Each structure stands twice: as C-alpha cells, then as structure tokens.
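The residues making up each chain are set out below.
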Amino acid sequence: MCACLTFAYSKSLSLPINRLPMADMQNTLAAPASLEGTSLHTGEKVTLTLKPAPEDHGFVFCRVDLPDKPLIPANVDLVETVERATTLSVGSNRVHTVEHVISALVGMGIDNALIEMDANEPPIADGSSAPFVALIKQAGIQQQEAPRKTWHIREPLHLDLGNGSLITIVPDNKFRLTVTNVGRNDLHTEHFSGEVTPELYEKEIAPARTFTFYEDVAPLLEKGLIKGGSLENAVVIRGENVMSKEPRRFGNEFARHKALDLIGDLMLGGKRILGHVIAVAPGHGPNTKMAALLKKEYAKMKTSVPPVTIPEGEAVLHLPDILKILPHRYPFLLIDRVIDFTDKTCTAIKNLTFNEDFFQGHFPGHPVMPGVLQLEAMAQTASVLVLRIPENQGKVGYFMSADKVKWRKPVTPGDTLFIEAEIVSFRRGIGQAECRCLLNGEVASSATIKFAVQ
C-alpha cells in the first residue's frame, strides 16, 4: 500500500531519509509513496505515486488511468509542447507539467523511478517541488549496485535562440547552475547561482514557487490552461507588486524557480552532467532545446570513436576518486579516469603526453611506452574493481603472475589508451583477470594476470 502524504511547507523539511545518496552509485526509492492533489493546468484531481525502479531504468511515467497503463519515458524526443510547462506524449497518451517532479528526483540524487499517475498531470501542490522532495524523503533512498554514469562536459555547448534566451554549458567538475530571470519592463530581474547537491536543492531550490504575470492570466485561461491555478500554488506579478497567499520565500524566488525548471527539463536529455549551466531568461522552450542538444552531442561523441571505446558515460570515476581506491601515486599511477564498469569489468583511460617520464629514456628520438607499464596499467584497472569492494578497501593488490602476455602495437605520445579488465575469478584474496589495452579500437597489448589482495 502507498502511504498518502499531506504537505505543508516549511523552510526546514524534517521527514526522515535513509541516507544521502552516494555520488558514484545509482539510487532509487526505498518504497512507494503517494501524493494527492489538483493539477495546475487541467484542474483535475490526481494521485501521483513514486515507485522504486531497477538500475538504468531512468524516469518513466505511467498513466494508470488509461487502458494498458501506457508508459511515457522522460525523453526529450517525446516533448510535444512547452507552453508554461513541459508535455511529453507517446501517441495519444500525454503527461503534462513533468518538470517539477523530475527536478525533485534529480536534485535529491534519484536515478531510477516509476512515476504513476491516475490523470495526465502531477498535482501542483504549492507550486514548488518541495512536496516531491518531501515525498522522496518519505519513501527513502535506496542505493543500487550499478555505478552512476555521468557525462562530464569537456567542451562548451551554447544555445542562443535570438530572443534574449541564452543557455551555455561550460566544463566543471561539479553540476552548477547560474540563472538570470529577466523580468518585464526591467522589473523582477533576479539571479541565482549554486552547486546542485541534495542539501542545496532541498533548502535553496525546491521551495521556490511557480509564477506568472497578471496580464497573462486571462489569455492562459482562454487557452484552457491554469484551470487549477490559485494564489495558493502560484505567485502572480502585477507591475511592481507580487500577489501571493504568503510572503515571498526568497528575495530571488523567481530565479530559483527557473533553476528548478531547468534541472528537470535538462534531464530529458537522458544523462546527468557535470558542468556549469549558465542560463539567461530560460524557459521550457530553451531548456528542452538544450536537452535535445545535449542528447545530440552525446550521441555524436559516442559515434566519433571506435565502437570498443564507447562508454555509457564519459566518466564514472575521476582522478580524485581513483586516488581514494588505489595506493599508487605519481609517477606510477597509470590510469587517469574510469569510464565504465560492472561487477566484473572495468574500462579505464590513460592519456599519454610527451611529458611522461618514461618517454625521455624509452627511447630518445623514438618514444614508446614500455610494455611492462602497459601491463601495470592493466593491473591497476583490475585493482579498481576488487579494491572498491567494502571488505577490500584500504588494502593493496600485489602481482603474482602474468601469462599470455602479448604486445602488438607501439604506444606513443599523444595516444589515448583504453584499458579493459575482466575479473574471471576472485577467491580468498586471490584474483585473476583477463586484460587488454586498446589503441584506436585495436589491441595494443593483452595479458592474463593473477594478483593477491592483502
């Protein structure tokens, strides 16, 4: 049975949570939880239930009120309209105003959820995503076994719609937002900036309510929208004045709500990102266009490299994460980042430059990476897998033997080496792995290695 939740806003939500999600693992809900209310645009009564979902499921809406209970994935390719809200459709089946609930799930670190609704739009509640944050906390967060696959933005992406709306994403090791809400007639122009973490999202973004301008109310009603709107679930701007049943929750509440919408809409691109999103006058139209650009660029990135090098995400573990797992340090750490792994496999990258110490003497005038160091890179990649196991944390992996060692291609400065390892056995601290180094999709070296973990 799903427990129903009655929501009352406060600046400090105190509902229990199992634990904050680990940044490098996928998360789902620990149990179902439901929220009842009225939808904003259709004005219908609706019950929304968040349910756990398996790894790599993503966010999927389910219309339980329709025959066959059709599923509608949170996918930018399914965006139908973006007027005052984001609508997704599969055939004649639609879900409206999806951005608030998706934003809450992303902001609180959830990766996989089934979102059931018995109408075509989530409840608006108080116009913010705080009710959904409270719902997530009621359900609890369950860490899953699969790693979170995040796209680390390496090159700037820019979207200019020519109407004053701009969105740029620049490289960053965190997920950050800088949002400028541009008001009408130079009124209510506001700014918000911050790193999106579950803690910041809950306190600084989720409570920000949706808003509209007084002169837009009548035209929206004529279009059949905001039938469930009221001063209890929206802020209405009339000139310099703000109409609301309660005082503004933040001095820059409008910019914060724009950030809230942006988080939800960008996730329709299908990937969590690490990058700094800078948005001026964002809205559902620009947001979803940037989501489409993200999806396009990610697909382009995957097809621009040999098939064997295609990861599901550009980075799973960055250098600081690797340093927490492996005892190796400069100049003997021979992997730069991990781009994919499962319970038994791991793929790492080593970017080689002429500045590597070993190139200076191996060989002058003809630099080649020593084969024994390629073997060491394989061993380190295998070690990432076994040393991440809780009972092995803090231990060290020692070489025992290397069999079937073959070197097929020289590895030189400027090459990017993809190192793959598959654990074929691990028992009583003794492991065996099949490994290979790939260069431009071709095997540069391979070996079967045995190691001990102590």
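For the protein, an unreviewed UniProt entry supplies the name Multifunctional fusion protein and the organism Roseibacillus persicicus. We quote the UniProt Subcellular location (unreviewed entry) comment for the protein here in full: "Cytoplasm". Per UniProt, the comment on the protein under Pathway (unreviewed entry) is "Glycolipid biosynthesis; lipid IV(A) biosynthesis; lipid IV(A) from (3R)-3-hydroxytetradecanoyl-[acyl-carrier-protein] and UDP-N-acetyl-alpha-D-glucosamine: step 2/6."

Novice: An account of the sheet that holds strand β19 (residues 241-243) is requested, with residue identities and associated values reported.
Specialist: Pairing is mixed across the open sheet formed by three strands, whose spatial order is β17-β18-β19. Single-partner strands in this sheet number two, and they are β17 (211-213) and β19. Neighbour to neighbour, the strand axes of the sheet diverge by 30 degrees on average, direction disregarded. Two strands pair when backbone bridges link them, and strand β18 (residues 235-238) and β19 are joined in this way by three bridges, in the antiparallel orientation. The residue bridging Ile237 from the neighbouring strand is Val242, located in β19.

Novice: Report on the side chain of Arg256, specifying residues and quantitative values.
Specialist: Along the chain, Arg256 turns up in helix α5 (residues 253-266). In contact with Arg256, not counting residues within four places along its chain, are Phe192, Glu204, Ile205, Ala208 and Phe250.

Novice: Give me the lowdown on the pattern of salt bridges, citing residues and values where you can.
Specialist: Close approach of charged atoms lets side chains of opposite charge pair. Applying the stated criterion across every chain yields a total of 19 salt bridges. Note that Asp111 and Arg272 form a salt bridge whose closest N and O atoms lie 2.9 Å from each other. Placement of Asp111 in the loop between α1 (99-107) and β10 (113-117) and of Arg272 in strand β20 (residues 272-280) is noted, with a sequence separation of 161 residues between them. Each member of the pair Asp111 and Arg272 is classed as buried. Residues joined in a network through salt bridges with shared partners are Asp111, Arg148 and Arg272.

Novice: Let's hear about the packing of aromatic side chains: which residues, and what values?
Specialist: Scanning all chains against the criterion turns up three aromatic pairs. Lying over the aromatic face of Phe254, Arg248 brings its terminal NZ or CZ to 4.1 Å of the ring centre. Across from the ring centre of Phe250, 4.1 Å away, lies the NZ or CZ of Arg256, which sits over that ring.

Novice: Residue-level account of the sheet that holds strand β21 (residues 337-341), with values.
Specialist: On the basis of which strands lie adjacent, the open sheet formed by six strands has the order β21-β22-β24-β25-β26-β23 and antiparallel pairing. Of all the strands in the sheet, just β21 and β23 (397-407) have a single pairing partner and so form its edges. Direction aside, neighbouring strands of the sheet carry axes that sit 25 degrees apart on average. Judged from the four bridges that link them, β21 and strand β22 (residues 345-351) form a sheet pairing that is antiparallel. Opposite Val338, over in β22, you have Ala348 as the bridge partner. Contacting β21, β22, β23, β24 (416-427), β25 (430-439) and β26 (442-453), helix α8 (residues 371-387) crosses the sheet at an angle of about 55 degrees to β26.

Novice: Account for the pairing of strand β8 (residues 87-90), with residues named and values stated.
Specialist: Note that strand β7 (residues 79-81) and β8 share two bridges and pair antiparallel. Bridge assignment links Val79 to a residue of β8, and that residue is Leu88. Counting the residues between successive antiparallel strands, the hairpin from β7 to β8 contains five residues, one of them, Arg84, with a positive phi of roughly 65 degrees. Linking two consecutive strands that pair antiparallel, namely β8 and strand β9 (residues 93-95), is a turn of two residues; a positive phi of about 65 degrees is found at Gly91 within it.

Novice: So what's going on with the environment of Asp77? Residues and values would help.
Specialist: Structurally, Asp77 is set in the loop between β6 (71-73) and β7. Given a relative accessible area of 56%, Asp77 falls into the exposed group. Sequence-wise, Asp77 and Thr288 are 211 residues apart; in three dimensions their C-alpha atoms are separated by 9.5 Å. Among the polar contacts listed, one links the side chain of Asp77 to the side chain of Lys295, at a separation of 2.6 Å.

Calculation criteria
- Residues numbered from 1 in each chain as written.
- Predicted model: local features only at pLDDT ≥ 70, side-chain atom pairs only at ≥ 80, totals over all residues.
- Heavy atoms only, no water.
- UniProt positions renumbered as here; feature names shortened; annotations may be inferred.
- Pairing = 2+ DSSP bridges.
- Helix = DSSP H or I, 4+ residues; strand = E, 2+ residues; numbered from the N terminus.
- Axes fitted to C-alpha atoms, helices over the stretch in contact; angles between N-to-C directions.
- Contact = heavy atoms within 4.5 Å.
- Salt bridge = Lys/Arg side-chain N within 4 Å of Asp/Glu carboxyl O.
- Buried < 20%, exposed > 50% of the residue type's maximum accessible area, 1.4 Å probe, protein only.
- Phe/Tyr/Trp six-rings, centres within 6.5 Å; stacked < 30°, edge-to-face > 60°.
- Lys NZ or Arg CZ within 6 Å of the ring centre and 35° of its normal.
- Polar contact = N/O pair within 3.5 Å; in protein donor to acceptor, adjacent residues only side chain to side chain.

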